[in-house]
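Observations on the model geometry
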Amino acid sequence: MGKLAGKVAFITGAARGQGRSHAVRLAREGADIIAIDTTAKVETVPYALSSAEDLSETVRLVEALDRRIVARDADVRDSVALAKAVNDGIAAFGRLDIVLANAGISSPAPTLEMSDETWQDMIDINLTGVWKTLKASVPHIIDGGRGGAVVITSSIAAIHANQNIAHYSAAKAGLVMLMKVMAKELAPHSIRVNTVHPTTVATKMVLNDAAYRLFRPDIENPSRADFEAAARTLNRMPVAALEPSDVSNAVLYLVSDDARYVTGTMQVIDAGGAL
């Protein structure tokens, strides 16, 4: 019996990266999974987003742990698609206990030079998309009457400023107050709400040429090794980037009974970067 036996988790951005890692980690602890991601192209994002094959691999990994999963192609900007995915999952599993609002994008650009579309896509996905995720899912936890847990993926960028990510930092900082307000609103229902704040994580959102140039503007065509040399300077501990599993371990704590009275908090996982 795992820590989450009999529970059901809804996870956005689950096709790869942190979202996939969270799905597998929670499934290993006994949870069934409702997973969404989108194959829609976002023109302002300078790297390839998830594919249908990526989401299928998440399904395979969860099922290999002998857990059930309902996976749907849905965009967090689309309230109708979100609601349908959640409803499909609840029809299959009969309940909802956990929500991980994880989906997000990166599109670095100087603050006064980025396009209106770059700013708007970021806010629509990384901030408004989280609100839409919670609106579509959390009422089902309330209806269950058993309590539950919500974890929102923020970032160290909500705490520590860096150049060329004003839109990203603004969205991630906005999530903190969204979390705190919802923690107050949902506490009478025994539903806990927290944020996680990772430093750089080794996923495709970071391991791409645009991110390498963000970290190494001094080099014309920086490599991953060049990126890692710069990334190490942001962390006090000797590491360039976390693994997705490092974040999943923190998420598991927050959604399990180990953290049954932890709510309204910012869980920083930054290798000392904010010190």
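Residues numbered from 1 in each chain as written. Predicted model: local features only at pLDDT ≥ 70, side-chain atom pairs only at ≥ 80, totals over all residues. Heavy atoms only, no water.

- The name recorded for the chain in an unreviewed UniProt entry is (+)-trans-carveol dehydrogenase, from Saccharopolyspora phatthalungensis.
- Quoted verbatim from the Sequence similarities (unreviewed entry) field of the UniProt record, the comment on the chain reads "Belongs to the short-chain dehydrogenases/reductases (SDR) family." (UniProt positions renumbered as here; feature names shortened; annotations may be inferred.)

**Description of the overall build of the chain**
- Of regular secondary structure, the chain possesses 8 helices and 7 strands.
- For 275 residues, the compact-globule estimate of 2.2 N^0.38 gives 19 Å, and the C-alpha radius of gyration of the chain, at 18 Å, lies within 12% of that figure.
- In terms of its C-alpha atoms, the chain occupies a principal-axis envelope of roughly 55 × 35 × 35 Å.
- Within the chain, the proportion of its 275 residues that are buried is 52%.
- Of the contacts made within the chain by residues no fewer than 6 positions apart, 74% connect residues no fewer than 24 positions apart.
- A total accessible area of about 12300 Å² is found for the chain, and carbon and sulfur atoms account for 52% of it.
- The distance from the centre of the 28 positive side-chain charges to the centre of the 31 negative ones in the chain is 7 Å. (Helix = DSSP H or I, 4+ residues; strand = E, 2+ residues; numbered from the N terminus. Rg over C-alpha atoms; globule rule 2.2 N^0.38 Å. Buried < 20%, exposed > 50% of the residue type's maximum accessible area, 1.4 Å probe, protein only. Contact = heavy atoms within 4.5 Å. Areas by Shrake-Rupley, 256 points an atom, 1.4 Å probe, with all protein chains shown as cover. Lys, Arg positive; Asp, Glu negative; His and termini not counted. Charge placed at Lys NZ, Arg CZ, Asp CG, Glu CD.)

**A look at the environment of Asp-257**
- Tracing the chain through its elements places Asp-257 in the loop between α8 (244-255) and β7 (266-269).
- Asp-257 sits 131 residues away from Asn-126 along the chain, and the two C-alpha atoms are 28 Å apart.

**Digging into the packing of helix α1 (residues 17-28) against α8**
- Relative to each other, α1 and α8 sit at 50°, their axes nearing to 9 Å. By the criterion of interaxial angle, the relationship of α1 to α8 is oblique. As α1 packs across α8, the resulting crossing turns out to be right-handed. In contact with Gly-17, Gln-18, Ser-21, His-22, Arg-25 and Leu-26 of α1, α8 contributes Pro-244, Ser-245, Val-247, Ser-248, Asn-249, Val-251, Leu-252 and Val-255.
- Looking at the contact of α1 with α8 residue by residue, the classes come out as 6 nonpolar, 7 polar and 1 charged. (Axes fitted to C-alpha atoms, helices over the stretch in contact; angles between N-to-C directions. Parallel < 35°, antiparallel > 145°, perpendicular 65-115°, else oblique. Left-handed = near helix turned anticlockwise from the far one by under 90°. Nonpolar A, V, L, I, M, F, W, Y, C, P; charged D, E, K, R; others polar.)

**Things to note about a nonpolar patch on the surface**
- Taken together, Ile-159, Met-266 and Val-268 make up a surface patch of nonpolar side chains, about 210 Å² in accessible area.
- With respect to the element layout, Met-266 can be found in strand β7.
- For Met-266, a relative accessible area of 34% translates into the label partly exposed. (Patch = residues over 30% accessible without salt bridge, like charges linked within 9 Å, V, L, I, M, F, W, Y side chains within 5 Å. Salt bridge = Lys/Arg side-chain N within 4 Å of Asp/Glu carboxyl O.)

**Re helix α3 (residues 79-93)**
- Counted at 1.5 Å a residue, the expected span for α3 with its 15 residues is 21 Å, and the 21 Å between its end C-alpha atoms agrees.
- When α3 is considered as a whole, its buried residues turn out to be Leu-82, Ala-85, Val-86, Gly-89, Ile-90 and Phe-93. Buried residues of α3 fall within an arc of 130° about the axis and therefore sit on the same side. Exposed residues lying more than 90 degrees from the buried face of α3 are Val-80, Lys-84 and Ala-91.
- The N-cap residue of α3 is Asp-78: its side-chain oxygen and the backbone nitrogen of Val-80 are 3.1 Å apart.
- One or two steps after α3, the chain reaches Gly-94, where phi turns positive at roughly 85°. (Expected span 1.5 Å × (residues − 1). Arc of directions from axis to C-beta. Polar contact = N/O pair within 3.5 Å; in protein donor to acceptor, adjacent residues only side chain to side chain.)

**A look at the domain arrangement of the chain**
- Annotation of the chain at the domain level lists domain 1 (8-201 + 243-269) and domain 2 (207-240).
- A C-alpha centroid distance of 26 Å is found between domain 1 and domain 2.
- With 9 residues of domain 1 at the contact, the number on the domain 2 side is 8 residues.
- Inspection of the domain 1/domain 2 interface yields 0 salt bridges.
- Across the domain 1-domain 2 interface, the total number found is 1 residue pair in polar contact (both at pLDDT 80 or more).
- For the side of domain 1 that touches domain 2, a count of residues per class yields 4 nonpolar, 5 polar and no charged. (Domains from an automatic or database assignment.)

**Focus on the packing of aromatic side chains**
- Applying the stated criterion to the full structure yields 2 aromatic pairs.
- Judged by centre distance (4.9 Å) and plane angle (85°), the rings of Phe-215 and Phe-227 are edge-to-face. With Phe-215 in helix α6 (residues 209-215) and Phe-227 in helix α7 (residues 224-232), this pair connects stretches of sequence that are 12 residues apart.
- On the basis of relative accessibility, which here comes to 22%, the residue Phe-215 falls in the partly exposed class. (Phe/Tyr/Trp six-rings, centres within 6.5 Å; stacked < 30°, edge-to-face > 60°.)

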